[in-house]
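Here is how the chains run, residue by residue.
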Amino acid sequence: MSSKSEKLLRVNMWISKYLLMAFPFVAGTVIWAYSTPGHGIELHGLIWEIFSWNFMIWFVLLVYFIMSLVFWQTFREKILTTLTFSKERDERESFISGRASKATFYSTLSMLILLFFLSGLHVHINKKPKEEVVDGKHGTITIDYKFEFVNTAKKNVDGDENKKGNFLALDGIPFTQESLLLFLILYHIASYHIFTRRRLGDA
Amino acid sequence: MGKVPTKLSIQSKIHVCRAEKRITQQELADAIGVTRATIISIEKGNYNPSLELSFRIALYFGKNIQDIFYVEESDEQ
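Residues numbered from 1 in each chain as written. Chains lettered and ligands numbered in written order. Predicted model: local features only at pLDDT ≥ 70, side-chain atom pairs only at ≥ 80, totals over all residues. Heavy atoms only, no water.

A.B. asks: Would you take a moment to explain the overall build of chain B for this structure?
C.D. replies: Helix and strand counts for chain B stand at 5 helices and 2 strands. Scanning chain B from its N terminus toward the C terminus, one meets helices and strands in the order β-α-α-α-α-α-β. Taken as a whole, chain B presents about 5,200 Å² of accessible surface, with 50% of it coming from carbon and sulfur. Treating the 10 positive side-chain charges of chain B as one cloud and the 10 negative ones as another, the clouds have centres 3 Å apart. (Helix = DSSP H or I, 4+ residues; strand = E, 2+ residues; numbered from the N terminus. Areas by Shrake-Rupley, 256 points an atom, 1.4 Å probe, with all protein chains shown as cover. Lys, Arg positive; Asp, Glu negative; His and termini not counted. Charge placed at Lys NZ, Arg CZ, Asp CG, Glu CD.)

A.B. asks: Looking at this structure, how should I read the packing of aromatic side chains?
C.D. replies: Given two aromatic rings, their pairing is described by the distance between the two centres and the angle made by the two planes. Residues and elements named next belong to chain A. The tally for this structure, following the rule as stated, stands at 15 aromatic pairs over all chains. Here the aromatic rings of W32 and F51 are separated by 5.8 Å at their centres, their planes lie at 90°, and the arrangement is edge-to-face. With W32 in helix α1 (residues 3-34) and F51 in helix α2 (residues 46-71), this residue pair connects regions lying 19 residues apart in the sequence. Through successive ring pairs, a cluster of aromatic residues spans F25, W32, W48 and F51. Positioned above the aromatic ring of W14 is the side chain of K17, whose terminal nitrogen or guanidinium carbon lies 5.1 Å from the ring centre. (Phe/Tyr/Trp six-rings, centres within 6.5 Å; stacked < 30°, edge-to-face > 60°. Lys NZ or Arg CZ within 6 Å of the ring centre and 35° of its normal.)

A.B. asks: What is the right way to look at the side chain of S12 of chain B in this model?
C.D. replies: On the secondary structure map, S12 of chain B appears in strand β1 (residues 9-12). Excluding its chain neighbours within four sequence positions, the residues that come into contact with S12 of chain B are I42, E43, I68, F69 and Y70 of chain B. (Contact = heavy atoms within 4.5 Å.)

A.B. asks: Mind showing me how you'd approach the domain arrangement of chain A here?
C.D. replies: One frequent convention defines the size of an interface as the accessible area lost when the parts assemble. By the assigned domains, chain A splits into domain 1 (1-86) and domain 2 (90-159 + 171-203). Centre-to-centre, using C-alpha coordinates, domain 1 of chain A lies 31 Å away from domain 2 of chain A. (Domains from an automatic or database assignment.)

A.B. asks: Any chance you could explain the pattern of salt bridges here in plain terms?
C.D. replies: In a structure, side chains of opposite charge can pair up when their charged atoms sit close to one another. If you walk through the whole model with that rule in mind, you get 4 salt bridges over all chains. A salt bridge links E93 of chain A to R89 of chain A; the nearest nitrogen and oxygen atoms lie 2.6 Å apart. Judged by relative accessible area, which is 9%, E93 of chain A ranks as buried. The partner of E52 of chain B in a salt bridge is R56 of chain B, with the nearest N and O atoms 3.0 Å apart. On the criterion of helical spacing, the pair formed by E52 of chain B and R56 of chain B is a turn pair, its members being 4 residues apart in helix α4 (residues 51-61). For R56 of chain B, a relative accessible area of 30% translates into the label partly exposed. (Salt bridge = Lys/Arg side-chain N within 4 Å of Asp/Glu carboxyl O. Buried < 20%, exposed > 50% of the residue type's maximum accessible area, 1.4 Å probe, protein only.)

A.B. asks: Please clarify how the environment of M67 of chain A should be interpreted in this entry.
C.D. replies: Residue and element names in this part refer to chain A. Mapping M67 onto the fold places it in helix α2. The exposure class assigned to M67 is partly exposed, which follows from its relative accessible area of 45%. Put simply, M67 and R198 are 131 residues apart on the chain and 22 Å apart in space, counted from C-alpha to C-alpha.

A.B. asks: Is there a simple way to explain empty space enclosed by the protein in this structure?
C.D. replies: Space left empty within the atom packing is revealed by a probe, the size of a water molecule, rolled over the atoms. All names here are of chain B. Applying the stated criterion to the full structure yields 1 cavity of 30 Å³ or more. Lining the largest cavity we find I10, Q11, S12, I42, Y47, N48, P49 and F69. For the lining of the largest cavity, the per-class residue count stands at 5 nonpolar, 3 polar and no charged. (1 Å grid on protein atoms, 1.4 Å probe; cavity = no way out; pocket = protein on both sides within 12 Å on 5 of 7 lines; lining within 4 Å. Points joined across faces, edges and corners; volume = space filled by probe spheres on them. Nonpolar A, V, L, I, M, F, W, Y, C, P; charged D, E, K, R; others polar.)

A.B. asks: Whenever I open this one, helix α4 (residues 91-120) of chain A confuses me. Can you help?
C.D. replies: Counting along an α-helix, one turn takes 3.6 residues, and residues three or four places apart therefore face a common direction. Taking 1.5 Å as the rise per residue, α4 of chain A with 30 residues should run 44 Å; its terminal C-alpha atoms sit 43 Å apart, in good agreement. Listed in full, the buried residues belonging to α4 of chain A are R92, E93, S97, F105, L109, L112, F116, S119 and G120 of chain A. (Expected span 1.5 Å × (residues − 1).)

A.B. asks: When you look at the environment of T142 of chain A in this model, what are you seeing that I'm missing?
C.D. replies: Residue and element names in this part refer to chain A. Structurally, T142 is set in strand β2 (residues 139-145). Placed 32 residues apart in sequence, T142 and P174 show a C-alpha to C-alpha distance of 28 Å. Setting aside anything within four residues of it in sequence, one finds T142 in contact with H122, V123 and H124.

A.B. asks: When you look at the interface of chain A and chain B in this model, what are you seeing that I'm missing?
C.D. replies: Contacts between chain A and chain B engage 6 residues on the former and 10 residues on the latter. Ranking the residues of chain A by area buried against chain B places D90, E91 and R92 of chain A at the top, with a combined share of 83%. Seen at the junction of chain A and chain B, the total is 0 salt bridges. Viewed at the interface, chain B and chain A are joined by 6 residue pairs in polar contact (both at pLDDT 80 or more). (Buried area = accessible area lost by both parts, 1.4 Å probe. Polar contact = N/O pair within 3.5 Å; in protein donor to acceptor, adjacent residues only side chain to side chain.)

Quick look at the structure:
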C-alpha cells in the first residue's frame, strides 16, 4: 500500500472513531430537538449551535464513511473485520474464515432467492358469498407473480404539493423490494466471481 | 504407477519434538508466528499446515519435514 493511501486509511480510521465517540452527542441532539416544541426549530444559543454543528459534521462524515466502505476494499476489510469480530491471525484462521465465508455466501444467497421469490408472489384466497356459490365451489384462489423495477405507486404519492420548491428531494430508494433483492443476488454472485478471478490471476 | 489415495491422513510428531526440546505449545507458536490453537490442531491432526508453515516448523526444530510429518494409512480411497 502506498504512503498516500496509508495516510488516507489513518484519516478514515480517525473518522470512524469520531463517528463512534460522537454518536451519544448526536443521539442527545436528536432527543433534545424532539423533546422541544417545533422539533428544535425554535432552539437557539451557543450550546445548541455546537450540538447542531456537531450533528451536521457527523452526518456528512457518516455519508463519507459509508461510501468508503462500499468503494474502498482495504478500509472495508479493516472496519468490517473489527465489526464482525473476524479473526485471521494465522493461516489456519484464514482457512476457517474462507470456509465460513463460503458457507455464509451460499446461505445468504439462498435466503435472498427465497425473499426474492416471496417479494413478487401474491396469493389471494377469497371466500364467496353464499349467493355466488357455483357447483359447490365456495371460494377462489389466485396465484400471481409480479415484478416491477421501480416503485411507481410511491412515486405518485411523493409527487404531491409538499415537494414544490424543493431543490433536491431524496426519499429512500425508489426501487421495489423485488428489484432490490434481484440486484443483491446478482451483486453477490458477481462480487464472488470478481474476487475469485482476481485471486486466481494473482496465483 | 501406483494408485494414490484421494485423501491422506497427515499426522505429525510435533509433540515429540516439543518434548525433546522442552518447549510449550505457546512457545512454539510464538516462535513460528501462529496461534497456540493452530499448534493444538496440527498436533491432533485436525489441521494440515501449509507447505510454508511445515517448513517453518521443520526449520525451527532443525529437522527435515519427513521427520516431523508422516502419512498414516487411510481406508478412504
